[in-house]
Amino acid sequence: MQRRRLGRLGHESSVLIYGGAMLAAVDQDTADESMQLALDSGINHFDTAAGYGDAELRMGPWMPRIRNQIFLATKTQLRTAEEAWAQINASLERLQTDHVDLIQLHAIGDLDELDKATGTGGSLESAIRARDEGLVSAIGITGHGHQAPATHLEGLRRFPFDSVLTPWNYALSKRADYAADWATLAEETQRRDVGLMTIKTVARQNWPDENKKRYSTWYEPLDDQERISAALAFVLSHEQITGIPTAGDVHLLPLLVQAEKDSAGISREDAAAVLDKEADYSSPFLSMAI
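Worth saying up front: this structure is predicted, and the values here are computed from it rather than measured. (Residues numbered from 1 in each chain as written. Predicted model: local features only at pLDDT ≥ 70, side-chain atom pairs only at ≥ 80, totals over all residues. Heavy atoms only, no water.)

Remarks on the layout of surface pockets
1) Next: Approximately 830 Å³ is the volume found for the largest pocket.
2) Next: As for the largest pocket, its lining consists of 43 residues, and the residues nearest its centre are Ala21, Tyr52, His144, Lys200 and Trp218.
3) Next: Classifying every residue of the lining of the largest pocket gives 19 nonpolar, 18 polar and six charged. (1 Å grid on protein atoms, 1.4 Å probe; cavity = no way out; pocket = protein on both sides within 12 Å on 5 of 7 lines; lining within 4 Å. Points joined across faces, edges and corners; volume = space filled by probe spheres on them. Nonpolar A, V, L, I, M, F, W, Y, C, P; charged D, E, K, R; others polar.)

Below you can see the structure in the form of structure tokens.
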């Protein structure tokens with residue numbers, strides 16, 4: 001699997017990052033099968049969050065065997081320093097490790113959330129404390145929504161985050177205002193040598209009918225190989241991007257692994273041509289029920 005340098009952290013991360021959200025509501029046997037597939041496929045960067053249901057508990061039994069072989073990231077969505085500190089420590093216990101490589105301030109998609117996290121008594125204080133005490137090695141920021149790239153750019157002005165996880169896909173690239181914000185953020189991460197990761201690569205649209213969801217993702221995903229391969233190739237054609245967390249359903253992981261293999265042979269233009277044919281393809285943030 002291709003690897004890209006995770007900014008100034010220096011880790012050569014697999015371009016597919018194992019997205020722990022897929023383990024939120026599965027049993028341990030299913031989690032084990034998925035984790036093994038990821039490792040066999042060359043994935044060496046695993047990303048989860050305290051808010052992803054049982055994901056940390058499902059990943060935890062693997063850590064005594066693989067912790068020194070992988071880059072491990074988790075997230076806190078709590079906003080006060082006291083709450084976040086407790087959650088970071090709980091995550092370490094659930095993950096059965098004494099440290100993670102990256103703690104991310106999670107779901108910061110607008111300035112109100114950024115103010116809460118970075119203000120006095122906010123969760124950033126606990127992330128810094130955890131780094132200073134050796135519980136985490138680096139600090140990042142994540143978020144959803146159409147304001148995310150601009151919000152993350154402002155976040156970099158306030159604090160030297162080591163990584164940014166922000167949305168990017170072909171549908172979002174067609175929105176001129178969003179694409180401009182994303183390009184500005186990407187340029188700034190390059191200038192600061194910040195690891196830039198992107199989410200929602202294979203999001204197709206909001207679910208038309210919540211009662212007919214076929215996957216555990218909160219958005220309807222692309223789910224055929226040609227379109228998933230095109231979607232991944234489009235995102236990876238942007239060299240600023242260091243990695244893509246896999247979608248939040250275990251059934252999509254094999255398709256994404258194959259897409260990574262296909263991506264080297266698909267140009268950005270060819271990917272766009274495939275995705276332009278997709279009906280009902282739009283931003284997943286038009287109605288964000290997460």
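That was the structure; now back to the text.
As for the environment of serine 287
1) Next: Looking at where serine 287 falls in the secondary structure, it is placed in the segment after helix H12 (268-275).
2) Next: By relative accessible area, which is 48% here, serine 287 ends up partly exposed. (Helix = DSSP H or I, 4+ residues; strand = E, 2+ residues; numbered from the N terminus. Buried < 20%, exposed > 50% of the residue type's maximum accessible area, 1.4 Å probe, protein only.)

Some points on the pairing of strand S9 (residues 195-199)
1) Next: Burial runs high along S9: five of the five residues are buried.
2) Next: For strand S8 (residues 163-167) and S9, the ladder comprises five bridges, and the chain directions are parallel. In the sheet register, threonine 166 faces S9, and the bridge partner there is threonine 198.
3) Next: Inspection of the sheet shows S9 paired to strand S12 (residues 241-245) by two bridges, in the parallel sense. When the bridges of S12 are listed, methionine 197 appears paired with glycine 243. (Pairing = 2+ DSSP bridges.)

Observations regarding the packing of aromatic side chains
1) Next: The full count for this structure, using the stated rule, is nine aromatic pairs.
2) Next: Judged by centre distance (6.4 Å) and plane angle (15°), the rings of tryptophan 168 and tyrosine 178 are stacked. Taken together, the residues span a long stretch of sequence, with tryptophan 168 in the loop between S8 and helix H8 (170-173) and tyrosine 178 in helix H9 (residues 176-192) at a distance of ten residues.
3) Next: Given the relative accessible area of 4%, tryptophan 168 is considered buried.
4) Next: Ring centres 6.2 Å apart and planes at 35° place the aromatic pair tryptophan 218 and phenylalanine 285 in the tilted group. A residue pair is termed long-range when its members are at least 10 positions apart, and tryptophan 218 in the loop between strand S10 (203-206) and strand S11 (219-221) and phenylalanine 285 in the segment after H12 qualify at 67 residues.
5) Next: Classification of phenylalanine 285 by relative accessible area gives buried; the value is 7%.
6) Next: Joined through ring pairs, the aromatic side chains of Trp168, Tyr170, Tyr178, Trp182, Phe234 and Tyr281 make up one cluster.
7) Next: Between the NZ or CZ atom of arginine 65 and the centre of the ring of tryptophan 62, over which it lies, the distance is 4.4 Å.
8) Next: Of note, arginine 129 hangs over the ring of tryptophan 85, and the distance from its end group to the ring centre comes to 3.6 Å. (Phe/Tyr/Trp six-rings, centres within 6.5 Å; stacked < 30°, edge-to-face > 60°. Lys NZ or Arg CZ within 6 Å of the ring centre and 35° of its normal.)

Thoughts on unusual backbone geometry
Across the chain, the bulk of peptide bonds are trans and the bulk of non-glycine residues have phi less than zero.
1) Next: Positive phi values are uncommon outside glycine, yet aspartate 193 reaches one of about 60°.
2) Next: On the secondary structure map, aspartate 193 appears in the loop between H9 and S9.
3) Next: For lysine 200, which is not glycine, the phi dihedral falls at a positive 75°.
4) Next: Residue position: lysine 200 is located in the loop between S9 and S10.

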